[in-house]
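# Architecture at a glance
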Amino acid sequence: MSGVQTAEEAMPGSGAGDAHTPDELAGLTPEQAEQLRAEWSRELARVEDEISTLRTVLQSKIRQSSDLKRKLGITVWKEITEDVNQGLKNVKESQVYQKTESVIKSTAEKTTSILGGITAGVSSKLGQMRNSESFRSIEERVGSAYENVKGKVASRSNSTQSFDEALRDASRSASGATSPSIPENKALP
């Protein structure tokens, strides 16, 4: 209180000091203004004392609450989890969430049906292509070329012919090109 009074005493009664004077003091005599300021100072001290008391009581209650939670096995993590779960429950129960969820479900269903149609179409086209004569003929040629190469490599494992040469020979025979075959053990004339 004395700090407030010394500040009041330092303020001049007129001029620049009047600019800092609250509206409640306007029109009062200096004695009435001083009396009102002293009343405000007493009320401020009382309110600050109440605040201090309430802080002390609050700290005591918080300590008591912590002790009881500890005895009950309630941890901070458990409290946070429960708060988050409750918040999620509140969100899920809200109308905005339910509308959004229904839009997402219908969009997912439409996307699935579109993709299913595309996949079925592609599968159908692949099935038709596989059953076509040209695909069968290509498949047979590739299969026979592979078997020829495999057979030549196996039969000539002791010869000097490499796998690449055997592959070239097989591709020539598969493509229909005819070349005279020369037995390995006969020399050229």
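Nothing here was measured: the structure is a model prediction, and the numbers come from that model. (Residues numbered from 1 in each chain as written. Predicted model: local features only at pLDDT ≥ 70, side-chain atom pairs only at ≥ 80, totals over all residues. Heavy atoms only, no water.)

### Quick notes on the overall build of the protein
Assigned secondary structure in the protein consists of six helices and zero strands. Overall, the protein shows an N-to-C arrangement of helices and strands of α-α-α-α-α-α. Contacts spanning at least 24 positions in sequence make up 31% of the contacts within the protein whose residues lie at least 6 apart. Of the accessible surface of the protein, which amounts to about 16000 Å², a share of 58% is contributed by carbon and sulfur atoms. (Helix = DSSP H or I, 4+ residues; strand = E, 2+ residues; numbered from the N terminus. Contact = heavy atoms within 4.5 Å. Areas by Shrake-Rupley, 256 points an atom, 1.4 Å probe, with all protein chains shown as cover.)

### Some details on the pattern of salt bridges
Opposite charge on two side chains permits pairing when their charged atoms draw close. In the structure shown here, the tally under the stated rule is two salt bridges. With a closest N to O distance of 2.9 Å, R46 and E50 form a salt bridge. Pair noted here: R46 and E50 are both in helix α2 (residues 30-72), with a separation of four residues, about one helical turn. A relative accessible area of 40% places E50 in the partly exposed class. In this structure, E79 and K69 form a salt bridge, with 2.4 Å as the shortest nitrogen-oxygen distance. Of the two residues, E79 is situated in helix α3 (residues 76-93) and K69 in helix α2; the sequence distance between them amounts to 10 residues. Under the relative-accessibility criterion, E79 is labelled partly exposed at 24%. (Salt bridge = Lys/Arg side-chain N within 4 Å of Asp/Glu carboxyl O. Buried < 20%, exposed > 50% of the residue type's maximum accessible area, 1.4 Å probe, protein only.)

### Structural notes on the environment of E165
By the secondary structure assignment, E165 is in helix α6 (residues 163-174). On the basis of relative accessible area, E165 is assigned to the partly exposed category, the value being 33%. E165 sits 16 residues away from V149 along the chain, and the two C-alpha atoms are 9.2 Å apart.

### Some points on α2
An ideal rise of 1.5 Å per residue puts 63 Å on 43 residues; α2 measures up with 62 Å between its terminal C-alpha atoms. For α2, the full list of buried residues reads A33, R37 and S41. Trailing α2 by a residue or two, G73 shows a phi angle of about 80 degrees, which is positive. (Expected span 1.5 Å × (residues − 1).)

### Considerations on the environment of S66
For S66, the position within the fold is in helix α2. For the pair S66 and V76, spaced 10 residues apart in the sequence, the C-alpha separation amounts to 9.8 Å.

### Quick notes on a nonpolar patch on the surface
Nonpolar side chains collect at one region of the surface, where I114, L115, I118, V122, L126 and M129 lie side by side and expose about 570 Å² of accessible area between them. Tracing the sequence through the fold places L115 in helix α4 (residues 95-131). (Patch = residues over 30% accessible without salt bridge, like charges linked within 9 Å, V, L, I, M, F, W, Y side chains within 5 Å.)

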